[in-house]
Amino acid sequence: MSDIIEKAAEALARKLGGSFPPTAKFVIPGEGTIIADADGVRAGEDEAAVTMTASAEVFRGILEGSVNPTMAFMSGKLKIDGSMGLALQLAGKLS
């Protein structure tokens, strides 16, 4: 697991309060994938109800609060596949 994925998973776990009852996948191309579900946040390739894909820089900005997830999506920097309702729930937790 890359350092970027490990650090992103830790930061995401803090933002989500340790878990996210539906399953969400976060893809950072060239680095790896993070899964957030009822069991916690970890590196993984599990199936998910929503998948969010963005560069490491965009994810870092979202997790640090300098990038608004909704604006990243609207500008094409964040791609969403799957449930838009869950994506909105995540955006609320990550903002």
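Residues numbered from 1 in each chain as written. Predicted model: local features only at pLDDT ≥ 70, side-chain atom pairs only at ≥ 80, totals over all residues. Heavy atoms only, no water.

Caption draft 1: Geometry of the overall build of the protein. For the protein, the helix and strand inventory stands at four helices and five strands. Here the C-alpha radius of gyration of the protein, 12 Å, is about what a compact globule of 95 residues would show, namely 12 Å. Counting only residues that meet the buried cut, the protein has 40% of its 95 residues in that class. Accessible area of the protein: about 5000 Å², with a carbon and sulfur share of 53%. Both charge centroids of the protein, one from 9 positive and one from 12 negative side chains, sit 7 Å from each other. (Helix = DSSP H or I, 4+ residues; strand = E, 2+ residues; numbered from the N terminus. Rg over C-alpha atoms; globule rule 2.2 N^0.38 Å. Buried < 20%, exposed > 50% of the residue type's maximum accessible area, 1.4 Å probe, protein only. Areas by Shrake-Rupley, 256 points an atom, 1.4 Å probe, with all protein chains shown as cover. Lys, Arg positive; Asp, Glu negative; His and termini not counted. Charge placed at Lys NZ, Arg CZ, Asp CG, Glu CD.)

Caption draft 2: Looking closely at the sheet that holds strand β3 (residues 40-43). Strand order in the open sheet formed by five strands is β3-β2-β1-β4-β5, with mixed pairing between adjacent strands. This sheet does not close on itself; its edge strands, each paired only once, are β3 and β5 (78-82). Pairwise comparison of adjacent strand axes, ignoring direction, gives a mean angle of 20 degrees for this sheet. Bridge analysis of strand β4 (residues 50-54) against β5 gives five bridges, and the strand direction is antiparallel. (Pairing = 2+ DSSP bridges. Axes fitted to C-alpha atoms, helices over the stretch in contact; angles between N-to-C directions.)

Caption draft 3: Fine view of the nonpolar core. Ranked by size, the top nonpolar core spans 27 residues in total, and within it Leu12, Leu16, Phe26, Ile34 and Leu90 carry the most contacts. Of all the elements in the fold, those that place two or more residues in this core are α1 (3-16), β1 (24-28), β2 (32-37), β4, α2 (56-64) and α4 (84-94). If near-sequence neighbours (up to four positions away) are discounted, Ile34 is found in contact with Ile5, Ala8, Ala9, Leu12, Ala24, Lys25, Phe26, Val41, Arg42, Ala43 and Gly44. (Core = buried A, V, L, I, M, F, W, Y, C linked by side-chain atoms within 4.5 Å. Contact = heavy atoms within 4.5 Å.)

Caption draft 4: Up close: the side chain of Asp37. Relative to the helices and strands, Asp37 resides in strand β2. In contact with Asp37, not counting residues within four places along its chain, are Ser19, Phe20, Pro21, Pro22, Thr23 and Arg42.

Caption draft 5: Region of the structure containing the side chain of Thr51. Mapped onto the secondary structure, Thr51 falls in strand β4. Not counting the four nearest positions on each side in its chain, Thr51 is found in contact with Lys25, Val27, Lys79, Ile80 and Asp81.

Caption draft 6: Fine view of the packing of α1 against α4. Running from N to C, α1 and α4 point in directions that differ by 95 degrees, and their axes come no closer than 9 Å. It follows from the interaxial angle that α1 and α4 lie roughly perpendicular. For the pair α1 and α4, contact is made by Leu12, Lys15 and Leu16 and by Leu90, Lys93 and Leu94, respectively. Among the residues making up the contact of α1 with α4, the classes are represented as four nonpolar, no polar and two charged. (Parallel < 35°, antiparallel > 145°, perpendicular 65-115°, else oblique. Nonpolar A, V, L, I, M, F, W, Y, C, P; charged D, E, K, R; others polar.)

Caption draft 7: Structural view of the environment of Ala49. Inspection of the secondary structure puts Ala49 in the loop between β3 and β4. What makes Ala49 partly exposed here is its relative accessible area of 37%. Linking Ala49 and Ala9, residues 40 residues apart in sequence, is a C-alpha distance of 18 Å. Those residues in contact with Ala49, other than ones at most four positions away along the chain, are Thr23, Asp81, Gly82, Ser83 and Leu86.

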